[in-house]
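Each chain, written out:
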Amino acid sequence: MLALAAALLAAATASGPPMACERLASLFPNAPRPQGGEPGCAAALREACDAGRRLACAELGRVLEAGTAGPADPAGAAALHRRACDAGVGAACARLARHLREAGQPARAVTDALEEGCALGSGVACLERAAAERDPARGARLRERACDLGEADGCLAIVAGAPPARAQALRDRACWLGSADGCAAAGAGLARGDAGREDPVAARLRLERGCELGGAEACARLGLVLLAEGRRGEAARGARLLVEGCPALGAEECLDSAEAWLKGPQAVIDEGSDPALLDLACRRKVPDACAWLGRMVQEGRRVPADGPRAAELYRRACEAGRASACSDLGVLYRFGAGVPRDEARAGALFAGACEQGVERACALRDDPSRPID
């Protein structure tokens, strides 16, 4: 029970540097706050530690290690980690092992600290011990124990090779334990139907959580889900999330995703589409994406005006078969906007677009003096 309390305490403080006053308040919520700010709270933790409160020793060790209540004191922190570990706080054993490793102590001392921490219920200690274990079977058991103890990375470490349903359950557990990567993997698995059936609602729930946890991949995959749902307001958010999270997906998957969506039945490509998403799809030769982005760039709507870039975008769309983009490119050549003025080139573009049914191109071909609407 005390090992569980230590694990929960560690989880509650994983999101930021350990502050003495926060840690003191979590251990003794009804005690008055001491004077002196962080140093005063550190002194109160020291007093509680000396009185035999082992969790106070563990938390003070973290504070001294981080230097949030004064100058960092690695040696003092290590002594407190040792004291708390000896008193049965598994998380302190894991921190002690890291200190011993960084201090160049013998591998046996590091291993012993991790073994003790794992036995005392520290998932972190079990996972770190597994990384150095030469026996694959024992390494797998240590990762299983880490997962059982609430260490999300332990759950993710045993996904490979697991049957589909168990793999999905492990990803789910990692997600609810606070792993953004676990949420991204769980959401993707539910969207694909890895466990037997697709579940877009559950997928979105996991991806929303992963995105809230700050996971770029989860945000990008959530963007894909929102785009697939096709709601106008949600599609705009989906485009933003996908574009911002693209590096986490990898260039190819990101571009493939943009192309697949904008070629799909849910897509609406018009002046309201996100320029960054249009740019991704244009790189995958989606003609409408290049054409609409060209118009935005030409007119300076939602993006900086850029004549040469607009011409290049129209050219891509034209060559991919979008006749109206050929007409738009012809206008640029006629007036020398972003490209050298070339009436012969403009006329040829208008003629080609006209043959494909673009009435405006026919009028521009037949009357070079016609104003542009």
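Here's what I pulled together on the structure shown here.

Reading guide: rules and limits
- Residues numbered from 1 in each chain as written.
- Predicted model: local features only at pLDDT ≥ 70, side-chain atom pairs only at ≥ 80, totals over all residues.
- Heavy atoms only, no water.
- Helix = DSSP H or I, 4+ residues; strand = E, 2+ residues; numbered from the N terminus.
- Buried < 20%, exposed > 50% of the residue type's maximum accessible area, 1.4 Å probe, protein only.
- Lys, Arg positive; Asp, Glu negative; His and termini not counted.
- Salt bridge = Lys/Arg side-chain N within 4 Å of Asp/Glu carboxyl O.
- Contact = heavy atoms within 4.5 Å.
- Axes fitted to C-alpha atoms, helices over the stretch in contact; angles between N-to-C directions.
- Parallel < 35°, antiparallel > 145°, perpendicular 65-115°, else oblique.
- Left-handed = near helix turned anticlockwise from the far one by under 90°.
- Nonpolar A, V, L, I, M, F, W, Y, C, P; charged D, E, K, R; others polar.
- Disulfide = S-S within 2.5 Å.
- Arc of directions from axis to C-beta.
- Core = buried A, V, L, I, M, F, W, Y, C linked by side-chain atoms within 4.5 Å.

As for the side chain of E151
So, step 1. By the secondary structure assignment, E151 is in the loop between α9 (136-148) and α10 (152-157).
So, step 2. This buried residue, E151, is left without a salt bridge; R98 holds the nearest opposite charge, at 7.0 Å.
So, step 3. Residues contacting E151, with those up to four places away along its chain left out, are G123, V124, L127, A146 and L177.

Quick word on the packing of helix α4 (residues 54-66) against helix α5 (residues 74-86)
So, step 1. Packing of α4 against α5 leaves a shortest axis separation of 8 Å and a crossing angle of 155°. Between α4 and α5, the crossing angle belongs to the class labelled roughly antiparallel. In this structure, α4 meets α5 at a crossing whose hand is left-handed. For the pair α4 and α5, contact is made by R54, C57, A58, L60, G61, R62, L64 and E65 and by G76, A77, L80, H81, R83 and A84, respectively.
So, step 2. Residue composition of the contact of α4 with α5, by class: seven nonpolar, three polar and four charged.

Observations concerning the state of the cysteines
So, step 1. For the structure shown, the criterion picks out 10 disulfides.
So, step 2. Covalently, C211 is tied to C219 through a disulfide, its sulfur atoms 2.0 Å apart. Handedness of the C211-C219 disulfide follows from its S-S torsion of about 100°: it is right-handed.
So, step 3. Judged by its relative accessible area of 16%, C211 is buried.
So, step 4. Given the relative accessible area of 13%, C219 is considered buried.
So, step 5. Here C318 pairs with C326 through a disulfide, and the sulfurs are 2.0 Å apart. Its torsion about the S-S bond being 100°, the disulfide of C318 and C326 is classed as right-handed. Residue C318 shares its accessibility class with C326, and that shared class is buried.

Concerning helix α22 (residues 359-366)
Residues spaced three or four apart along an α-helix face the same direction, because each turn holds 3.6 residues.
So, step 1. For α22, every residue scored as buried is listed here: A361, C362 and L364. Viewed end-on, α22 has its buried residues packed into an arc of 165°, placing them on one side of the element. When the buried face of α22 is taken as reference, the exposed residues oriented beyond 90 degrees from it are E359 and D366.
So, step 2. The secondary structure elements touched by the buried residues of α22 are α20 (323-335) and α21 (343-355).

Some points on the nonpolar core
So, step 1. In terms of nonpolar packing, the biggest core is built from 34 residues, with A289, V297, L329, L332, Y333, L349 and A353 touching the most fellow members.
So, step 2. Where this core is concerned, the elements lending two or more residues are α17 (275-283), α18 (287-299), α19 (307-319), α20, α21 and α22.
So, step 3. Sort the elements by how many residues they give to this core and α20 lands first, with seven residues.
So, step 4. Of all hydrophobic cores here, the second largest spans 25 residues; its members include L24, A48, C49 and C57.

Describing helix α8 (residues 123-131)
So, step 1. With seven of nine residues buried, α8 lies mostly within the body of the structure.
So, step 2. Every buried residue belonging to α8 is among G123, A125, C126, L127, E128, R129 and A130, and all of these are buried.
So, step 3. Buried positions along α8 lie against α6 (90-102), α7 (107-119), α9 and α10.

Some thoughts on the pattern of salt bridges
Between side chains of opposite charge, a pair can form as their charged atoms come close.
So, step 1. Counted under the stated rule, the structure contains 29 salt bridges.
So, step 2. Taking the shortest distance from any N to any O, the salt bridge between R138 and E133 comes out at 3.0 Å.
So, step 3. Accessibility expressed as a relative area gives 25% for R138, which makes it partly exposed.
So, step 4. Ionic pairing is found between E208 and R204, a salt bridge with its closest N-O pair at 3.4 Å. On the criterion of helical spacing, the pair formed by E208 and R204 is a turn pair, its members being four residues apart in helix α13 (residues 200-212). You'll find E208 and R204 in the same group, each marked buried.
So, step 5. Each member of the salt-bridge network shares a partner with another, and the members are E115, R129, E133 and R138.

Note that all results are geometric; they support no functional claim without further evidence.
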